[in-house]
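Fold and geometry: a report
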Amino acid sequence: MNDTFPAHDETELEKAHRLLEEVEELSRTGGWEYDVPTRHITWTSGVYRIYGISQDFDPDNLERCIGFYEPESIPIITEAFNKCLQHGEPYDLELRLIRGDGRNIWIRTVGRATRKSGNIVRLSGDIMDIDDLKRAQLETVRLNAELERRVADRTEKLERVNKDLASFSHAISHDLKAPLRAIAGFSRMVAEDYHDLLDAEGQRMLAVVSDSATTLDSLLTEILNLARTGTTNLDRANISMKEMVIAMYHEIASIDEVSTVHLEISDIPDCVGDSVLMRKVWGNLLDNALKFTSGRDLRTISIYAQTSVGRNTYFIKDNGTGFKEDFKEKLFLPFQRLHARSEYKGIGAGLALVKKIVELHGGTVGADGKAGQGAIFWFTIPLAPITIDGGL
Amino acid sequence: MDGKQAVDILLVEDNPNDAELTLRALKKSKIANTIIHVHDGEEALEYVFARGRYEGRDINSQPRLMLLDLKLPKVDGLQVLKEVKADPRTRLMPVVILTTSKEENDILRSYELAANSYIVKPVDFDKFIEAVKELGLYWLLLNVMP
């Protein structure tokens, strides 16, 4: 580099030349020109610097210049140069060059034609040393590919484990159901056919067998449900949430409840989701609300929603027994019950299923309540569908 | 169970306990008079197509309804369904699938193979009777075949 500042008064031309030198060195570029009629080639000193050769080298030979490119790059630059020469097509290529010192570097080479009276009289362009940039870029690509491969690997493993687990719980539940049918069915047969041979205590004991079989059956059904949910892709469609709530309510509530429970439904917004699964969300929440208001004289359930950035939050509020705040964490865990089985029916998988379904939709669930003062359950659904199993 | 009498229901079920419960429910429903119980898919096909153990049975006299379990030894339920629905002599016979869970993939598969309905084998005996009664009423009374 020209470290010394010019001592003498430089001419405008000298000044321009010095600036060019500095710019070329700082930006690692070099310019060249090919005069078509004379086939004369001119390089700026930046080109010598990139090629790693001394100024003694005479560039005035096209083949010799192109000879610096890597063997694989030679046909590419030759073709581009010829097209530019014959048809005036500009080029902009990233190729590899073998420097005078043997170092192999990435360069960007740009060329264009100048015409005079329609004839191509001159080609010019520049060469940029993009080695650091290109290597960093390639490294990023390599790391990304590596990362993607690892993510894919891990995902595949997890999917396999998930699938194994799902088919395991499926097989277990399935296989357990057959003997369970026999326990329930045959105890029923004993109760029917041998009724007269059993005293009250005998009948009570048989009823315990029978009820336990029914409980175990619900448990297995819920395990199956939980295991199966999420093993298939969501089937997304627009869902009219208000209509769905009304339909589910009438499906779940008894005739008596429909006429006595005070149900308020605001104009809650539609959502995009899997309607089969969303029915289970509302079904379980409504079922809970009905269950836990059952002791009240005046039973109220209200359903409303809030729209905030990127999501809708749906609320279901009841004036039922509520729950102790300490239990909030436990609510959505599978097979946790806050109340004795004798108080309220159910095996405690409903809210776990709600949580799983909402999370599959990219949302979250929560609840607020106080013992004896009702409960509010809420869940969010993103406005734009999010796929949690999607790519990067 | 001589092969000459018209059969109301052909029950294809390998689990003896399930079979006993089903037969009892069917009898209690007082709809089906004759029930034939076969224990695997191969026997079911032999019965329907009057071959093997049922060689010489009148093939024109077919059950009004087949109750078919899907998980069967030798030839599985879906294969039985496929063959029954593929043969012009038997394809009109209503086939009702017996299943453990209503969310089995097998149910979808069996509908693809033109099963007419399915019934979940419930532990709740009352519901079972009710379901079988409904089926019996539907297939054997409302939809009487010539």
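The coordinates are above.
Remember, it's a predicted structure, so these values are computed and weren't measured experimentally. (Residues numbered from 1 in each chain as written. Chains lettered and ligands numbered in written order. Predicted model: local features only at pLDDT ≥ 70, side-chain atom pairs only at ≥ 80, totals over all residues. Heavy atoms only, no water.)

A word on the overall build of chain B
Counting its secondary structure elements, chain B contains five helices and five strands. Taken from the N to the C terminus, the helices and strands of chain B come in the order β-α-β-α-β-α-β-α-β-α. The contacts in chain B between residues at least 6 apart in sequence include a share of 63% that link residues at least 24 apart. Summing over all exposed atoms, chain B offers an accessible surface of approximately 7,200 Å²; the carbon and sulfur share of this is 51%. (Helix = DSSP H or I, 4+ residues; strand = E, 2+ residues; numbered from the N terminus. Contact = heavy atoms within 4.5 Å. Areas by Shrake-Rupley, 256 points an atom, 1.4 Å probe, with all protein chains shown as cover.)

Quick word on the sheet that holds strand β2 (residues 35-38) of chain B
Residues and elements named next belong to chain B. Pairing within the open sheet is parallel, and its five strands lie in the order β2-β1-β3-β4-β5. Two strands lie at the open edges of the sheet, namely β2 and β5 (117-120), each paired on one side alone. Across the sheet, the axes of successive neighbouring strands diverge by a mean angle of 20 degrees, strand direction being ignored. Relative to β5, strand β4 (residues 95-99) runs parallel, the two being bridged by four bridges. Bridge pairing in β5 places L98 opposite I119. Each of β3 (65-69) and β4 touches helix α3 (residues 77-86); the most contacted strand, β3, lies at about 150 degrees to it. (Pairing = 2+ DSSP bridges. Axes fitted to C-alpha atoms, helices over the stretch in contact; angles between N-to-C directions.)

Section: the packing of helix α2 (residues 41-48) of chain B against α3 of chain B
All names here are of chain B. Contact geometry for α2 and α3: axes closest at 9 Å, N-to-C directions at 15 degrees. Comparing their axes, α3 and α2 come out roughly parallel. Between α2 and α3 lies a crossing whose hand is right-handed. Seen from α2, the contacting residues are G41, A44, L45 and V48; seen from α3, they are V80, E83 and V84. (Parallel < 35°, antiparallel > 145°, perpendicular 65-115°, else oblique. Left-handed = near helix turned anticlockwise from the far one by under 90°.)

A word on the sheet that holds strand β11 (residues 365-369) of chain A
Residue and element names in this part refer to chain A. Strand order in the open sheet made by the five strands is β7-β9-β10-β12-β11, with mixed pairing throughout. Only two strands of the sheet have a single partner each, and these edge strands are β7 (262-265) and β11. Between one strand axis and the next, the sheet turns through 15 degrees on average, direction left out of account. Bridge analysis of strand β9 (residues 300-308) against strand β10 (residues 311-318) gives eight bridges, and the strand direction is antiparallel. Residue pairing in the sheet places T307 in a bridge with N312 of β10.

Observations regarding the pairing of strand β2 (residues 40-43) of chain A
All names here are of chain A. Where burial is concerned, the two faces of β2 differ: the one with I41 and W43 is buried and the one with H40 and T42 is not. As paired elements, strand β1 (residues 29-35) and β2 share four bridges and run antiparallel to each other. Across the sheet, residue W32 finds its bridge partner in β2, namely W43. Between β1 and the antiparallel strand that follows it, β2, lie four residues; R39 among them carries a positive phi value of about 55 degrees. (Buried < 20%, exposed > 50% of the residue type's maximum accessible area, 1.4 Å probe, protein only.)

Description of empty space enclosed by the protein
All names here are of chain A. Under the definition given, this model contains three cavities of 30 Å³ or more. Within this model, the largest cavity holds a volume of roughly 170 Å³. Contributing to the lining of the largest cavity are 15 residues, with W32, Y51, L62, C65 and F81 lying nearest its centre. If you list the elements that add at least two residues to the lining of the largest cavity, you get β1, β2, α2 (45-51), α3 (62-66) and α4 (74-87). Looking at the lining of the largest cavity element by element, the count peaks at three residues for α3. Residue composition of the lining of the largest cavity, by class: 14 nonpolar, one polar and no charged. (1 Å grid on protein atoms, 1.4 Å probe; cavity = no way out; pocket = protein on both sides within 12 Å on 5 of 7 lines; lining within 4 Å. Points joined across faces, edges and corners; volume = space filled by probe spheres on them. Nonpolar A, V, L, I, M, F, W, Y, C, P; charged D, E, K, R; others polar.)

A closer look at the nonpolar core
Most often, soluble globular proteins keep nonpolar side chains buried together rather than apart. Residue and element names in this part refer to chain A. In this structure, M241, M278, W282, I303, F377 and F379 are the most contacted members of the largest nonpolar core, which totals 40 residues. When residues of this core are traced back to their parent elements, those giving at least two are α7 (241-252), α9 (275-292), β9, β10, α10 (350-360), β11 and β12 (375-382). Setting aside residues up to four positions removed in sequence, F377 forms contacts with L285, Y314, F315, I316, F323, L331, F332, L351, G366 and A367. Judged by nonpolar contacts, the second largest core, of 27 residues, contains Y34, C84, L97 and I127. (Core = buried A, V, L, I, M, F, W, Y, C linked by side-chain atoms within 4.5 Å.)

Quick notes on the interface of chain A and chain B
Contacts between the two partners involve 20 residues from chain A and, on the opposite side, 17 residues from chain B. Where chain A abuts chain B, roughly 1,700 Å² becomes buried across the two surfaces, and 53% of that area is made up of carbon and sulfur atoms. Counting across the chain A and chain B interface gives three salt bridges. Where D193 of chain A meets R24 of chain B, a salt bridge forms, and the shortest distance between an N and an O atom there is 2.8 Å. At the boundary of chain A with chain B, the tally comes to three residue pairs in polar contact (both at pLDDT 80 or more). Only α5 (131-193) and α6 (200-228) of chain A provide two or more residues apiece to the side of chain A that touches chain B. Residue contributions to the side of chain A that touches chain B peak at 14 residues, all from α5 of chain A. (Buried area = accessible area lost by both parts, 1.4 Å probe. Salt bridge = Lys/Arg side-chain N within 4 Å of Asp/Glu carboxyl O. Polar contact = N/O pair within 3.5 Å; in protein donor to acceptor, adjacent residues only side chain to side chain.)

As for the packing of aromatic side chains
Taken as a whole and judged by the stated rule, the model has 14 aromatic pairs over all chains. Centroid distance F57 of chain A to F68 of chain A: 5.4 Å. Interplanar angle 85 degrees. Geometry classified as edge-to-face. Taken together, the positions of F57 of chain A in the loop between α2 and α3 and F68 of chain A in the loop between α3 and α4 put the pair 11 residues apart, joining distant regions of the chain. Geometrically, the ring pair formed by Y304 of chain A and F315 of chain A is stacked, given 4.9 Å between the ring centres and 10 degrees between the ring planes. Separated by 11 residues along the polypeptide, Y304 of chain A in strand β9 and F315 of chain A in strand β10 bring together distant segments of the chain. Among the aromatic residues, ring-to-ring pairing joins W43, Y48, Y51, F57 and F68 of chain A into one connected group. The cationic tip of R57 of chain B hangs over the ring face of Y47 of chain B; the distance from NZ or CZ to the ring centre is 4.0 Å. (Phe/Tyr/Trp six-rings, centres within 6.5 Å; stacked < 30°, edge-to-face > 60°. Lys NZ or Arg CZ within 6 Å of the ring centre and 35° of its normal.)

Notes on unusual backbone geometry
Residues and elements named next belong to chain A. Positive phi, close to 55 degrees, is recorded for R39, a residue that is not glycine. With respect to the helices and strands, R39 occurs in the loop between β1 and β2. Judged by its relative accessible area of 61%, R39 is exposed. Phi at S117 is positive, roughly 50 degrees, even though this residue is not glycine. In this fold, S117 is placed in the loop between β4 (104-116) and β5 (119-129). Judged by relative accessible area, S117 falls into the exposed class, the value being 75%.

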